[in-house]
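Okay, here's what each chain looks like letter by letter:
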Amino acid sequence: MSDITRAVATLRAGGLVAFPTETVYGLGADAANPEALARLYAVKRRPVDHPVIVHLGRAADLDAWAETVPTAARVLADACWPGALTLVLERTERVPDAATGGLDTVGLRVPDHPLALDLLRAFGGGLAAPSANRFGRVSPTTAAAVRNELGTDVEQVLDGGPCAIGVESTIVDCTQEEPRILREGGIPREQVEALLGREVGVGGTTRAPGTLAAHYSPRARVVLVAREDVRVSAEQALGAGQDVGVLGLRSDTADSPDSCVTLATPATTADYARALYAALRRADEVGLDVVFAVPPPVSGLGAAVVDRLKRAAASH
Ligand code: TXA
Ligand code: MG
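Residues numbered from 1 in each chain as written. Chains lettered and ligands numbered in written order. Predicted model: local features only at pLDDT ≥ 70, side-chain atom pairs only at ≥ 80, totals over all residues. Heavy atoms only, no water.

1. Re the domain arrangement of the protein
In many analyses, interface size is given as the accessible surface area lost on bringing the parts together.
Link 1 in the chain: Domain assignment breaks the protein into domain 1 (3–202) and domain 2 (221–313).
Link 2 in the chain: A straight line from the C-alpha centre of domain 1 to that of domain 2 covers 28 Å.
Link 3 in the chain: The partner domain 2 presents 14 residues to the 21 residues of domain 1 that form the contact.
Link 4 in the chain: Note on domain 1 versus domain 2: buried area summed over both sides is about 1300 Å², and carbon and sulfur give 52% of it.
Link 5 in the chain: On the domain 1 side of the interface with domain 2, the three residues burying the most area are V138, V167 and E184, jointly 36% of the side's total.
Link 6 in the chain: One can count two salt bridges joining domain 1 with domain 2.
Link 7 in the chain: Where R281 meets E149, a salt bridge forms, and the shortest distance between an N and an O atom there is 3.1 Å.
Link 8 in the chain: At the junction of domain 1 and domain 2, the tally comes to eight residue pairs in polar contact (both at pLDDT 80 or more). (Domains from an automatic or database assignment. Contact = heavy atoms within 4.5 Å. Buried area = accessible area lost by both parts, 1.4 Å probe. Salt bridge = Lys/Arg side-chain N within 4 Å of Asp/Glu carboxyl O. Polar contact = N/O pair within 3.5 Å; in protein donor to acceptor, adjacent residues only side chain to side chain.)

2. Overview of helix α2 (residues 34–44)
Link 1 in the chain: All of the buried residues along α2 are A36, L37, L40, Y41, V43 and K44. Down the axis of α2, the buried side of the element spans an arc of 165°, and every buried residue falls inside it. With respect to the buried face of α2, the exposed residues turned more than 90 degrees away are E35 and A42.
Link 2 in the chain: Residues of α2 that are buried in the fold lie against β2 (26–30), α5 (97–100), β6 (127–128) and α7 (143–150).
Link 3 in the chain: Put simply, N33 is the residue that caps the front of α2, since its side-chain oxygen is 2.9 Å from the backbone nitrogen of E35.
Link 4 in the chain: At the exit of α2 stands R45, carrying a positive phi of roughly 60°. (Buried < 20%, exposed > 50% of the residue type's maximum accessible area, 1.4 Å probe, protein only. Helix = DSSP H or I, 4+ residues; strand = E, 2+ residues; numbered from the N terminus. Arc of directions from axis to C-beta.)

3. Focus: the sheet that holds strand β11 (residues 221–224)
Link 1 in the chain: Reading across the sheet, the four strands line up as β11-β14-β12-β13 and stay open at both edges, with parallel pairing between neighbours. With partners counted over all chains shown, the strands left at the sheet margins are β11 and β13 (261–262), one partner each.
Link 2 in the chain: As judged from the four bridges shared by β11 and strand β14 (residues 290–293), these two strands associate in the parallel manner. When the sheet's bridge partners are listed, R221 is paired in β14 with V290.
Link 3 in the chain: Against the sheet, helix α12 (residues 302–314) engages β11, β12 (244–247) and β14, with an angle of about 130° to β11. (Pairing = 2+ DSSP bridges. Axes fitted to C-alpha atoms, helices over the stretch in contact; angles between N-to-C directions.)

4. Section: the environment of E228
Link 1 in the chain: Structurally, the position occupied by E228 is in the loop between β11 and α9 (230–239).
Link 2 in the chain: Judged by relative accessible area, E228 falls into the exposed class, the value being 62%.
Link 3 in the chain: For the pair E228 and T253, spaced 25 residues apart in sequence, the C-alpha to C-alpha distance is 9.1 Å.

5. What about the nonpolar core?
Link 1 in the chain: Among the nonpolar cores identified, the biggest contains 49 residues, and L27, L87 and L108 are the most heavily contacted of them.
Link 2 in the chain: Where this core is concerned, the elements lending two or more residues are β2, α2, α3 (62–65), α4 (71–80), β4 (85–90), β5 (105–109), α7 and α8 (189–196).
Link 3 in the chain: Once residues lying within four places of it in the same chain are set aside, the contact partners of L87 are A73, L76, A77, W81, V106, G107, L108, V172 and C174.
Link 4 in the chain: Formed by 25 residues, the second largest nonpolar core is a distinct cluster that contains Y272, L276, Y277 and V291. (Core = buried A, V, L, I, M, F, W, Y, C linked by side-chain atoms within 4.5 Å.)

6. With respect to the sheet that holds β5
To summarise the sheet geometry, strands pair through backbone hydrogen bonds and adopt either a parallel or an antiparallel arrangement.
Link 1 in the chain: Spatial strand order, β7-β1-β2-β6-β3-β5-β4-β8-β9-β10: 10 strands in an open sheet with mixed pairing. Of all strands in the sheet, those bounded by a partner on one side alone are β7 (156–157) and β10 (201–202).
Link 2 in the chain: Direction of pairing for β4 relative to strand β8 (residues 170–173): parallel, over a ladder of four bridges. Bridging across to β8, L87 finds its partner in V172.

7. Re the pairing of strand β9 (residues 180–183)
Link 1 in the chain: Sheet analysis places β8 next to β9, joined by three bridges and oriented antiparallel. The residue of β9 that forms the bridge with V172 is I181.
Link 2 in the chain: The turn linking β8 back onto β9 is made up of six residues.
Link 3 in the chain: Sheet topology places β9 next to β10; two bridges connect them, and they run parallel. Bridge pairing links R180 to G201 in β10.
Link 4 in the chain: Once you follow β9 into α8 and on to β10, the crossover reads as right-handed. (Right-handed = clockwise from strand over helix to strand, strands pointing away.)

8. Observations concerning the packing of α4 against α8
Describing two packed helices takes the angle between their axes plus the distance from one axis to the other.
Link 1 in the chain: Running from amino to carboxyl end, α4 crosses α8 at an angle of 120°, the nearest separation of the two axes being 10 Å. One way to sum up the angle between α4 and α8 is to call them oblique. The handedness of the crossing between α4 and α8 is right-handed. Together, A72, V75, L76, A79 and C80 of α4 and Q191, V192, L195 and L196 of α8 make up the contact between the two elements.
Link 2 in the chain: Residues that form the contact of α4 with α8 fall into these classes: eight nonpolar, one polar and no charged. (Parallel < 35°, antiparallel > 145°, perpendicular 65-115°, else oblique. Left-handed = near helix turned anticlockwise from the far one by under 90°. Nonpolar A, V, L, I, M, F, W, Y, C, P; charged D, E, K, R; others polar.)

And the structure:
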């Protein structure tokens, strides 16, 4: 039996299958099966009033899950799917309460990864898939990270290699007159604005865990520093007997002390996004006390990286 055939059987039986997407690995469950969703929330240890994203195999499936699709949403779906964009829309009756925390809306996305698309198309329905980490922790970007995080709580993990983007999808709420970005992510705000031909605000929902002040947290303390302060901050912590890591663009961390662990050496902001979560996981694997992180420039994909770093830093 192929991996996909086995995964489809597991999902139809109400089980959980982790799968790769271009952003991060998702923990998939049948979005139309409330019992499967209950198990998903239990394994994630996620509060039941926090909605999940429903993943679809084709943009054409949108109308089965969304009651109304405003022009802005149609424009974004046509231009970005498959891709790192989640649309929040009014839900149809097909969407169970258990997927939306009781909200009238649903988050929908067609991911851009061949294995995810094979799985979704073979399964036929929608897959609820939050990032495959326990609630509040660092999202996984490799199959090994999923197994380390969830162990035997997940029936199957499809391995599609490391995720190409490395941070989650951009979430755009299209239920109001003015579309709003609820979470910055893999599709930059500038691209959303260019497609819609107007400025788009960022932030503003109470029920998005990825938007809680503290999230994406390793056990190590994360401290944001400017590039010119990396060396002094690291030396002070080392002097206090701490195990210290540094994270930032290669050009921003070149002069950190030798006894620090350099967690990644990204050359570009896109490299930084790709390396971010693996670097934060590595900080815990090697038992660091503190990570000094230099944020990248805030434009493009940098906005999502800075957002995740701030939330990781807010947890301590
Ligand atoms: O890139 C991604 O989006 C990944 C991959 C696996 O697709 N998934 C992901 O799921 O990040 P999760 O559950 O970790 O984050 C989903 C976010 C949460 O912040 C959730 O509150 C928000 O989407 N969300 C889902 N449905 C929503 C809705 N109806 N209204 C507002 N926010 C919603
Ligand atoms: Mg998440």
